[in-house]
Amino acid sequence: MKIHEKMKDGVLIISLSGKVIGGPDLMNVKTAFQNAVNQDIDSVLLDLGKVSWMDSSGLGIIVSGHTTLSRAGGALKILNATKKINELLIITKLSTIFETFSDETEALASFGE
Amino acid sequence: MKIHEKMKDGVLIISLSGKVIGGPDLMNVKTAFQNAVNQDIDSVLLDLGKVSWMDSSGLGIIVSGHTTLSRAGGALKILNATKKINELLIITKLSTIFETFSDETEALASFGE
Amino acid sequence: MRGIQIQLPSEFAVLEPLQIFIEGLGAAAGVEEDELSSLSVSVIELVKNGMEHGNGSDPGKMVTISVDSFDSRIRFFIDDEGTWAPENAPGFRPGEGEELLSTRGRGVLIARNLARWVEYGLTPEGKTRVTLIWPLN
Amino acid sequence: MRGIQIQLPSEFAVLEPLQIFIEGLGAAAGVEEDELSSLSVSVIELVKNGMEHGNGSDPGKMVTISVDSFDSRIRFFIDDEGTWAPENAPGFRPGEGEELLSTRGRGVLIARNLARWVEYGLTPEGKTRVTLIWPLN
Ligand SMILES: Nc1ncnc2c1ncn2[C@@H]1O[C@H](COP(=O)(O)OP(=O)(O)O)[C@@H](O)[C@H]1O
Ligand SMILES: Nc1ncnc2c1ncn2[C@@H]1O[C@H](COP(=O)(O)OP(=O)(O)O)[C@@H](O)[C@H]1O
């Protein structure tokens, strides 16, 4: 798994790529969310478009990011969930919690609303 | 493994790609050499540039192609052996048997000499 | 394919190689390309549970995966060295309300949904055995 | 990583999944990226031999691969259900002349060269065990 971060229109876009599988790697994602809050960034867009494989450990990390940001008064939204990830979100009812987008511009604009 | 065949300048170029691993797949390569002989084609260039993995089963097939073509008065030459394949050719001394090329034009021209 | 057995220490480092291996075995047994990742997710969820809950993440304790294919289905046994107790096993359905935001408790739920057939039981020796059956079309 | 064991039926269909698994385990154990395929070629050569020569390609007979990593090396045992006899084992050096054009007899040679340490022996029960030791830098 790789993590890439960039700021755009006041939103931190965190992009994951590769396999999001259980193990120490996942701590880095957790840290990325925590760092955002520490830097007073409260709008985070998580781009999952390049994630080739993900399981419940990945969902756990996303939920923990949601909690971290919500507590700080911010929001975590999801961009480019693959078909397989959408399936996981639906099975676990997390689809009722997360706003998901397939278009970056739309996703970024939604934070201003 | 995939096999692709094309004629160029009177030479049959057989290109393998993917993994050349033991199993029934290899019979298709053997058949390709035999078909060439049956069609009176005696110059065959085996392109290994896209082979990602190969073991002794692959070498066995190449040697059998060499034998099939030599018996028919023809020749089998090798194009684009990867570093790993070259290593196998050297370990097994097959490098003393096979002409290898890294340039298609040069390889094709060599059949006319 | 009958008699495949994979014994692994309870270390997360083996999960990624295992995931690819399971997909490769699935492909060889005839699972369709676009179902392979659902198969591997299901198996990995159960293997992680065996490592964590069954073996307490002790690298000296093993999870053993047995794979056998039969007419139109593949059967996986995922055994660990613990003894599973039904009363300690929530997580078979999605949480509601606050629980929905738990960072855990989704593994079995996901495996059951993707694989459709996942049963908890015990080996002849009384250790935890999870059985997953994957139909082949 | 200690205690990994992979039992496989003598069927060529398992070789490709195994090849990827071995590379994944090698990577997790610290084998360098560009050495991974040499490792998997070596192991696959020995596994194929176990299937063919040890088990007579009987899918009911198993090859068992044990993988343990120690300080700066990984050890593989490749066991089959036969009993290897030294006098039946040519192929440890490249043939000369006509023999060079044999379609077979290169597996052990390749494994020995790529892995540098490959030994034939017997398990405590007297079955064939090939030991391959791969150094880690
Ligand atoms: N192999 C096992 N051995 C013992 N308990 C298990 C096992 N698998 C699952 N469980 C129990 O079922 C619960 C739910 O598992 P799961 O849905 O995968 O969520 P999580 O692993 O995140 O807790 C676990 O917390 C555990 O109590
Ligand atoms: N596991 C084994 N059990 C019995 N004999 C073996 C085993 N491995 C190798 N041999 C013997 O060593 C010979 C050389 O093996 P190898 O170099 O791999 O070439 P090949 O398998 O193509 O014959 C085999 O033909 C066989 O006689």
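As a reminder, the structure under discussion sits directly above these lines.
Criteria and thresholds
Per chain, residues are indexed from 1 in the order of the written sequence. Chains and ligands are labelled sequentially in the order written, the chains with letters from A and the ligands with numbers from 1. It should be noted that, the model being predicted, local features are given only for residues of pLDDT at least 70 and side-chain atom pairs only at 80 or more, the latter also being counted only at that level, while totals for whole chains, interfaces and linings use all residues. Computation of side-chain values covers all heavy atoms of the structure but excludes hydrogens and water. Two strands are said to pair when DSSP picks up at least two bridges between them. Starting at the N terminus, helices and strands are each numbered in turn, a helix being any DSSP run of H or I of at least four residues and a strand any DSSP run of E of at least two. Throughout, a contact is declared for two residues whenever any of their heavy atoms are within 4.5 Å. Between N-to-C directions, angles cover 0 to 180 degrees, with each direction set by a line fitted to C-alpha atoms, over the stretch in contact for helices. A 1.4 Å probe defines the accessible area here, and the buried area is the portion of it lost by two parts on being joined, summed over both. Within this document, salt bridges are pairs made up of a side-chain nitrogen of Lys or Arg and a carboxyl oxygen of Asp or Glu, the two lying within 4 Å of each other. Definition of a polar contact: a pair of N or O atoms within 3.5 Å, with one able to donate and the other able to accept a hydrogen when the atoms are protein atoms, and with sequence-neighbouring residues admitted only if both atoms are side-chain atoms. Throughout, the ten residues Ala, Val, Leu, Ile, Met, Phe, Trp, Tyr, Cys and Pro are labelled nonpolar, Asp, Glu, Lys and Arg are labelled charged, and all others, Gly among them, are labelled polar. Only protein chains enter the calculation, and the probe is 1.4 Å; a residue is then buried if its accessible area is under 20% of its type maximum, exposed if over 50%, and partly exposed in between. Here, nonpolar core refers to any group of buried Ala, Val, Leu, Ile, Met, Phe, Trp, Tyr and Cys residues whose side-chain atoms link them within 4.5 Å. When the copies are superposed, the least-squares fit takes in the C-alpha atoms of residues with a pLDDT of at least 70 in both. Here the angle decides the label: under 35 degrees means roughly parallel, over 145 means roughly antiparallel, 65 to 115 means roughly perpendicular, and every other value means oblique. What makes a crossing left-handed is the near helix being turned counterclockwise from the far one by less than a right angle; a clockwise turn instead makes it right-handed.

Enquirer: What is the right way to read the sheet that holds strand β5 (residues 100-101) of chain B from this model?
Expert: Two modes of strand pairing occur in sheets, parallel and antiparallel, and in both the strands are linked by backbone hydrogen bonds. Residue and element names in this part refer to chain B. Read from one edge to the other, the open sheet built from five strands follows the order β1-β2-β3-β4-β5, with strand pairing classed as mixed. Where the open sheet ends on each side, the last strands, each with one partner, are β1 (2-8) and β5. Both strand β2 (residues 11-20) and strand β3 (residues 43-54) contribute to a ladder of eight bridges, which runs parallel. By the bridge assignment for β3, Ile13 is matched with Leu45. Sheet strands touched by helix α3 (residues 83-91): β3, β4 (75-79) and β5. Its angle to β3, the strand with the most contacts, is close to 110°. Packed on one face of the sheet, helix α4 (residues 104-112) meets β1, β2, β3, β4 and β5 and runs near 145° to β3.

Enquirer: Is there a simple way to explain the interface of chain A and chain C in this structure?
Expert: You'll often see interface size given as the accessible area lost when the parts meet. At the interface, 25 residues of chain A touch 27 residues of chain C. In total, about 2000 Å² of surface goes out of reach between chain A and chain C, with carbon and sulfur atoms giving 65% of it. By the criterion of area lost to chain C, the three top residues of chain A are Lys19(A), Trp53(A) and Ile91(A), representing 26% of everything that side buries. If you look at where chain A meets chain C, you find two salt bridges. The partner of Asp55(A) in a salt bridge is Lys48(C), with the nearest N and O atoms 2.8 Å apart. Where the side of chain A that touches chain C is concerned, the elements lending two or more residues are β3 (43-54), α2 (56-71) and α3 (83-91) of chain A.

Enquirer: Looking at this structure, I do not really get the interface of chain C and chain D. What am I missing?
Expert: Each partner contributes residues to the interface: chain C has 20 residues there, and chain D has 20 residues. Of the roughly 1600 Å² buried between chain C and chain D on both sides combined, carbon and sulfur atoms contribute 69%. The three residues of chain C that bury the most area against chain D are Gln7(C), Pro17(C) and Phe21(C), which together make up 31% of that side's buried surface. The tally of links from chain C across to chain D stands at zero salt bridges. Where chain C touches chain D, the interface holds four residue pairs in polar contact (both at pLDDT 80 or more). Going through the elements one at a time, β1 (4-9) and α1 (15-29) of chain C are the ones with two or more residues in the side of chain C that touches chain D. At seven residues, the largest contribution of residues to the side of chain C that touches chain D is made by α1(C). Across the side of chain C that touches chain D, the residue classes break down as 14 nonpolar, four polar and two charged. When β1(C) meets strand β1 (residues 4-9) of chain D, the two strands line up antiparallel, connected through three bridges.

Enquirer: How should the pattern of salt bridges be read in this particular structure?
Expert: Opposite charge on two side chains lets them pair, provided their charged atoms get close. Within this structure, the stated rule accounts for 16 salt bridges over all chains. Among the salt bridges present, the one from Glu16(C) reaches Lys19(A), with a minimum N-O distance of 3.8 Å. Of the two residues, Glu16(C) is situated in helix α1 and Lys19(A) in strand β2 (residues 11-20); the pairing between them involves two chains. Of the residues examined, Glu16(C) reaches a relative accessible area of 35% and is grouped as partly exposed.

Enquirer: Can you walk me through the sheet that holds strand β5 (residues 128-135) of chain C in this structure?
Expert: With antiparallel pairing, 10 strands are arranged side by side in an open sheet as β4(C)-β5(C)-β3(C)-β2(C)-β1(C)-β1(D)-β2(D)-β3(D)-β5(D)-β4(D). Where the open sheet ends on each side, the last strands, each with one partner, are β4 (118-122) of chain C together with β4 (118-122) of chain D. Strand-to-strand twist in this sheet, taken as the mean axis angle between neighbours without regard to direction, amounts to 20°. Two strands pair when backbone bridges link them, and β4(D) and strand β5 (residues 128-135) of chain D are joined in this way by five bridges, in the antiparallel orientation. Bridge assignment links Val118(D) to a residue of β5(D), and that residue is Leu132(D). Sitting on the sheet, helix α3 (residues 107-115) of chain C is in contact with β4 and β5 of chain C, with an inclination near 120° to β4(C). Its contacts with the sheet put helix α3 (residues 107-115) of chain D on β4 and β5 of chain D, and the angle it makes with β4(D) is roughly 120°.

Enquirer: Hey, could you run me through the nonpolar core in this one?
Expert: Inside soluble globular proteins, nonpolar side chains tend to come together where they are buried. Formed by 142 residues in total, the largest nonpolar core has its most connected members in Ile6(C), Ile65(C), Phe76(C), Ile6(D), Ile65(D) and Phe76(D). The contacts of Ile6(C), once residues within four sequence positions are left out, are Leu18(C), Phe21(C), Leu25(C), Val63(C), Thr64(C), Ile65(C), Val67(C), Gln5(D), Ile6(D) and Phe21(D).

Enquirer: Honestly, the side chain of Lys48(D) in this entry has me stumped. Any pointers?
Expert: Secondary-structure assignment places Lys48(D) in helix α2 (residues 36-54). For Lys48(D), a relative accessible area of 4% corresponds to the buried category. There is a polar contact of 2.5 Å between the side chain of Lys48(D) and the side chain of Ser57(B). Sequence-distant contacts of Lys48(D), defined by excluding residues within four places in its chain, comprise Gly22(B), Asp55(B), Ser56(B), Ser57(B), Phe12(D) and Leu15(D).

Enquirer: What should I look at first to understand the relation of the copies chain C and chain D in this one?
Expert: Each of the two chain copies goes to the other by way of a rotation about an axis and a shift along it. Mapping chain C onto chain D leaves a residual RMSD of 0.0 Å; the transformation is a rotation of 180° accompanied by 0.0 Å of translation along its axis. Both chain copies can therefore be described as sitting about a two-fold axis. In terms of proximity to the rotation axis, the leading residue of chain C is Ile6(C), whose C-alpha is 2.2 Å off the axis. Residue by residue, 100% of the interface of chain C is reproduced at the interface of chain D, so both copies engage with the same surface.

Enquirer: Just checking my understanding: could you explain the packing of helix α1 (residues 25-38) of chain B against helix α2 (residues 56-71) of chain B for this structure?
Expert: Axis angle and axis distance: for two packed helices, these are the angle between their axes and the distance between the axes, and together they describe the pair. Residue and element names in this part refer to chain B. Running from N to C, α1 and α2 cross one another at 10°; their axes reach a closest spacing of 9 Å. Between α1 and α2, the interaxial angle falls into the category roughly parallel. Between α1 and α2 the crossing geometry is right-handed. On the side of α1, the interface is formed by Leu26, Val29, Lys30, Phe33, Gln34 and Val37, while α2 contributes Ser57, Gly58, Ile61, Ser64, Gly65, Thr68 and Leu69. Here the contact of α1 with α2 is built from residues that sort into six nonpolar, six polar and one charged.

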